[in-house]
Structure formats: structure tokens, C-alpha cells
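# Understanding the architecture of this molecule
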Amino acid sequence: MASADAGTREKAFGDYYSAAHHQGDVYPCTVASLPFLFALADDPATPDRGAVVHLLLSIGCEAVDRGDDIIVAPDGSESTAAADGVAMLRERSGAFLTYAQDPDPWVRRAGIEGLGLFVEDADRALGALRERLPAEDGTVERLLVVHTVATLALRLPPARTAATAWLAALADDPTTEPDIRLAALVHHARCGQDRDDAVPTAIALLRRLATAPERGSEEAGCRSGTGSGACACRNGREGGTDTRADGETDTEAEAVAQDGVPPQVTAAFEDLDRQGRLHAPTTTLLRTFHTVLDARVPERTALLTEQLRSPDPAIRYDAIRMAQDLITSWRGEHTGLVQLLADCLTPEDPYTAAAAAESLRALGPAGEPAREALAAHVAANRTTHGPNAWAVTKTLPRRAHQEAVMALAALGDPRALPCLLTALDGGTDAWRAVQVAGRLSPGAGELVPRLSRHLADADLSNPWADMGTGALMSALAELGDAAAVPALTHAVTAAIRHDQLRLGASALKALAAFGTEAASALDVVRPLADVADVNLRAAATAALWALERDPADVVPRLCDLLDTHAHHDAADVLGLIGPPAAAALPRLRTMLTAGYEWTRVHAATALWDIVGEVEADVVVRTLLAAWEKNDATSNHVLACLDRMGSAAAPALPRIRAELAQARRSGRFGRVTNDEELQRTCRTILARLS
């Protein structure tokens, strides 16, 4: 790390992070190295001193986060490395007082943040930070000072009163720059100091920021993060900026397969990169504010409305994901925010348009108010770039168009169909079209032959085959056109031939969706119901029932599967069979006492579907207990309660409580699942009220 050769230093830092600070962990060897790192950081002759000080800070941040946790190494040995590391860093806290005044801004930033984490003398630390604010002329450093004062106040109670008073005075000081005032306002709230005018004041400061002349440029801060409380070396701090939101400086690579890696993998890493970018200096600050406001949805909506209407394209761009997070996390009337997201679908700014369309797709049914704007954007792109706009050469317009098409298709709008057909015929990014093709059932006649051809052409010997092929199978099943049965039957055979058992199970599940219309596949399906692989056997058995409907053959097989890890799927099929599956009742009743709530839910729903009213009391009790323990079961629980009719009456208090919640619920916390959950709750209430 002290080498004069830059390549040697880079390798040394990389080796250290891999061996002694892997993924942020702190080991005994990490603590043992701290004196050597301090020696490097304290030596003015050390090249890359800033990197050394940031490494010290990174170690300290992780150690502070872990606190007194006992760390268990891979070999089973235990250590108190985190606590030991914090103790050593706090013994050397004077070094951070020195670093905070260093001429090198990279050293200084880490030093400033270290004051909030490692200095135990509250008055000394707060005094040093207050001195730094007028001494700094860079936005990054000044914002970091304000952030660190709040961190200090939260860590050391003796600093709380003086620190929050200083933040309050700074927030109200008309002679201070609006971004610093905004930071003081937000961090004053972060310290638990509520004020009624916090959001209106923040909005007023944002308006001043959007029209204020830019100060001299500074080095960009850390570009990698979105957190509001972790250290700057791991997560972006207020003041860090990155790619411009107008798209002019962005050069995104098309997601294509490289060295055998599927394009989906490449795209996933591109998505991670986009999500980590900071475009406006206030972005992390505003995210912190939204975190502090939490359930105060009307106030957050007002703040986001201002952000999305800002004349600053960077502020608007970064507000897109914040709006998505609010809408996907909280119930409420979000039409205004959705329409503001739709306003970001401007052809002259494809970088922002792509982000807006991507977020609108993530909103599921909550994105409905943007339907016409999405359709108009898709039509405008086809006018500008021609009918093959899906594959236009320029990366940003192509991504913007594709995201808008996918968002429109996700709403089930047939106006997306021509673009999906173009994608499937031309092959460019066809995997993206496959993701949403299943939503356009009116276009099944044109989609199914194309999807079937892509499935037939898939190389099932490729170890990555299930990544794209599984989506094809799901789309065909969702479209529900039995013309897909031959292609899916062939896929089952090919998957088994290439030992792709998981893919074979996926193909069987897709076939089962067609019921008796897929009876032509029985000769392929039946032998697989006797294979050793449990997942494949379970999928084949479920398909046997769907295709043939012979309980005499299927029920014994399902009873056997109840004693395997496929017992949830087996219970579900037994429920579909109903009364003829009575032979499974003893085992299902045993499953009601399982420790895992999901097992109890699947057993209870099957029990109801097989015997009905006789087991109503135990079914309702089991379902409500599981729902209380694990909210993710709610969609499954409510589907059964809906089938139970008047027998579900004891669940009414819990259903009313669910509808009274402000936070979204349902499986995986997805908007689609939450909206379905709310609809089912209202249906049950209307029936029983």
C-alpha cells in the first residue's frame, strides 16, 4: 500500500479487502492490522492516504454496526473482533481530529465522518465539527459535516441538546446556502426533533436549490450507494453526484450474452449500477428525509410532487425511484404521483423516460393512471424510429422504448402487442418481450406460435437454459392457448434428456395449466410420476391430475408426497381434488401441528377443500394464527377464507384490521398481491356484512 507504483498499490488494496475485510467483515486479523494502517495514514509520504483513511473508516463503520456481536469464523472459531476494533479506533480517535483538517479533501471527508463515530468526548467532537463548516468550501464536505453532527447526537446523548440546537439554528439561517439548510432540517428530523413546518420548509428550500446558480465544481463523492446512515466509503453521502439525468453522458451497454452469460444476468448488473447512481447532490439527503417521515404519506407525497416537478433534471430523475418506493410500500391515493411519473416519459430525455417506464411497470395495477401516457410514448417512438423501434441502434432510446412497451403490456394493453411481435420475430432483446407476453391474452393467437418457436429453438443442454426458457413456459401457460401444448410436451422430453430436471418440472407445471386440453401429453407425463427426483415427481403427479382427473391413480401418489419436501404442492393438489382425496385427511391433520406456518396453511386449505364445514373451526383458527405469524401467507389465507363463505365469519375482525393498515401487505410485498388482497378482503366483508 505504500509502494510508489500505482499498480502495486491497487493490487495491495484489493488483496486486503479480499483477505481481511471481505464484504465488509471484520476479523481478528483486521483488528491486528489497524496499527499498521494508522502508521500509513499518519505518514504524509504515503501515496493514496485518502484510500487508507477510508479503509480505516470502512472497518470502523462495520465494527460499530456489529457492536458486541460474537463473530463466528468459517472454521467455527469465535471472536470479539468488532468490539476490539471499535475500542482500538476510539483509542486512536485523535487521529481523526487531525484527518478532519487535512489539506487532502479525500482524507478530510473520512476524518470528518470519523468524528461522529469514534471520538468519545462529545464537546470536543461537536466543537471540531462546528469549526469545520465555515472552513469548508466544498458542498460534499459541508453536507458531510451536517450529517456527522446528527450521527454524533444519536450516538452520544450528552451531545444531543447542543447538536440539535445547532442544526435547528442552521436550518433557519437565511444567510446559509439552501442545500446546507436543507441538510440541517433533515438531520434535525433524523435526531427525532419534529417540527410542523419541516416538509413545507424543505419544499421551499428545494425550490431555491432548483433556481440557485451552481457553485464551483467539486470532486464527486462516493458514487456507489443509497444509504442514509452507513459510512461514505460504502454508501453515497449527500453531495455525491454521478451521471447526468439528461442522458447525454450516459453510455449504457446493451444487455447481450457474453462468454455464455445470458443477457438477463448482464441486465441485472446494469440495473444494480443504475440504482446506485446519484445524480443530484441532495439525493441521499432526501432519501433520508423520506425514511424519517416513514408513514406520513401525505407529507411524503407533497415532497415528491415538488421533486418530480423540479426544473432540475437530476432532482426529477432521482425522485422517480423514491416515488416508486412510496407507492409500492404504502397504500393510498397515488394517482397524482403516477401521473407525474408519466410526465417523465419525454422522447427528448430517453434516459429519464426509461427510468420512469421501468418504475411504472413495477407499480403493477397502481400504474393504471399512466396507461395512456405509456401508449402515447410507444406510438411516438414508433413514429420517430419506425416500426422496429424495439431494436433501434441507439441504446438509450431503445431502452426507453422497451421499458414503455413492457409497462404497457404489464397493464394488459393490446397496443403493446405489435412491439412484442417485432421483438419475437427479430430476436433483439426478445427475452424482455417474453417477460410480459403472458399478460396479453387477446393476442395469444399471434404470440403463442412465436413463443412456441422460441421454446423449440432453446438449447436445453445449456446450464443457463432455465433462466430464459422458464419464462417462455410461464408465458405460454398464462396465455392459456392449447396450441402451446405440443411445444411444452417436447420441452418436457428435451429437459429430461439433458438432465434439466428443474426445467422439466417447470414444463410440467405449464402443461398442467391447460387441464384436460393437454391430455395428448399423458404418455410423456405418466412415467415421470414414478421418478426418484421429488420435485419432478410432484410436478408430474400434479399434471396427471390436471390432464386426466383420475383420483384413484393420483391420490395415493400425493399421499406419499406428503412425506417429502414437496408436501405443500401435494396438499394443494389434494385440495383441488376435493372429497375424493379423503384418504389424505389423517396426514393433513398431522400437518396442522407443524412448526412452519406455511405447512399449516397448505394443510388447512386442503382440509377445507376436502371436507368443508366439518373442519371450519380448526381451519379458520389455523389460518388466522399463520397469518398473524407471517404476513406473507395473507394472499393464500384470504383465498381460502373467500371460498369458505359464511364459515369465514370469525376472521372478520382480522380482515377489517388488514384493510385499516396503511402499509402494503401480501406475498413478497408486491403491489399486485396487495391489491388482490384488498379486493378479497372487501369481497368477504361485503358478503358477510
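Our subject is the structure that appears above.
Described below are features of the structure shown in this document. (Residues numbered from 1 in each chain as written. Predicted model: local features only at pLDDT ≥ 70, side-chain atom pairs only at ≥ 80, totals over all residues. Heavy atoms only, no water.)

### Describing the pattern of salt bridges
For clarity, the threshold we go by: For this document, the term salt bridge refers to a Lys or Arg side-chain nitrogen within 4 Å of an Asp or Glu carboxyl oxygen. Every helix listed is a DSSP run of H or I at least four residues long, and every strand listed is a run of E at least two residues long, numbered separately from the N terminus. The rule is simple: take the accessible area with a 1.4 Å probe, protein chains only, and divide by the maximum for that residue type; under 20% is buried, over 50% is exposed, in between is partly exposed.
In total, this model carries 43 salt bridges according to the counting rule given. Glu615 is the salt-bridge partner of Arg589, the closest N and O atoms lying 2.7 Å from each other. Of this pair, Arg589 sits in helix H30 (residues 585-591) while Glu615 sits in the loop between helix H31 (597-611) and helix H32 (616-629), placing them 26 residues apart in sequence. Take Glu615: its relative accessible area is 13%, and that puts it in the buried class. Its salt-bridge partner being Arg687, residue Asp642 comes within 2.7 Å of it at the nearest N-O pair. Highlighted residues: Asp642 in helix H33 (residues 634-643) and Arg687 in helix H35 (residues 671-688), separated in sequence by 45 residues. Salt bridges here are not isolated pairs; linked through shared partners, they connect Arg331, Glu628, Arg654, Glu658, Arg664, Asp674 and Glu675.

### Section: the packing of aromatic side chains
Filter applied, for reference: Aromatic pairs are defined between Phe, Tyr and Trp rings, using the six-membered ring for Trp, whenever the two ring centres lie within 6.5 Å; interplanar angles under 30 degrees are classed as stacked, those over 60 as edge-to-face, and all others as tilted. As a reminder, the over-ring test applies to NZ of lysine and CZ of arginine, requiring each to be within 6 Å of the ring centre and within 35 degrees of the ring normal.
A full pass over the atoms with the stated rule returns 4 aromatic pairs. Ring plane angle 45° and centroid distance 4.9 Å describe the contact between Phe96 and Phe118, whose orientation is recorded as tilted. Of this pair, Phe96 sits in helix H5 (residues 93-99) while Phe118 is found in helix H6 (residues 105-118), placing the two residues 22 residues apart along the sequence. Assessed through its relative accessible area of 0%, Phe96 is described here as buried. Geometrically, the ring pair formed by Tyr317 and Tyr351 is stacked, given 4.7 Å between the ring centres and 10° between the ring planes. Taken together, the positions of Tyr317 in helix H15 (residues 313-329) and Tyr351 in helix H17 (residues 350-362) put the pair 34 residues apart, joining distant regions of the chain. Linked through ring pairs, Phe38, Phe96, Tyr99 and Phe118 together constitute an aromatic cluster. When the ring centre of Phe38 is taken as reference, the NZ or CZ atom of Arg92 above it lies at 4.3 Å. We note Arg654 situated over the ring of Trp627; from NZ or CZ to the ring centre the distance is 4.0 Å.

### Quick notes on the nonpolar core
Among soluble globular proteins, nonpolar side chains are generally buried collectively. As a reminder of what qualifies: Residues belong to a common nonpolar core when they are buried Ala, Val, Leu, Ile, Met, Phe, Trp, Tyr or Cys residues joined through side-chain atoms within 4.5 Å. Only heavy atoms matter for contacts: two residues are in contact if any of them lie within 4.5 Å across the pair.
Grouped together as the largest cluster of nonpolar side chains are 220 residues, with contacts concentrated most on Leu182, Leu374, Leu447, Leu451, Leu588, Leu641 and Met644. The element contributing the most residues to this core is helix H27 (residues 534-548), with 10 residues. Excluding its chain neighbours within four sequence positions, the residues that come into contact with Leu641 are Val620, Leu623, Trp627, Ala648, Ala651 and Ile684.

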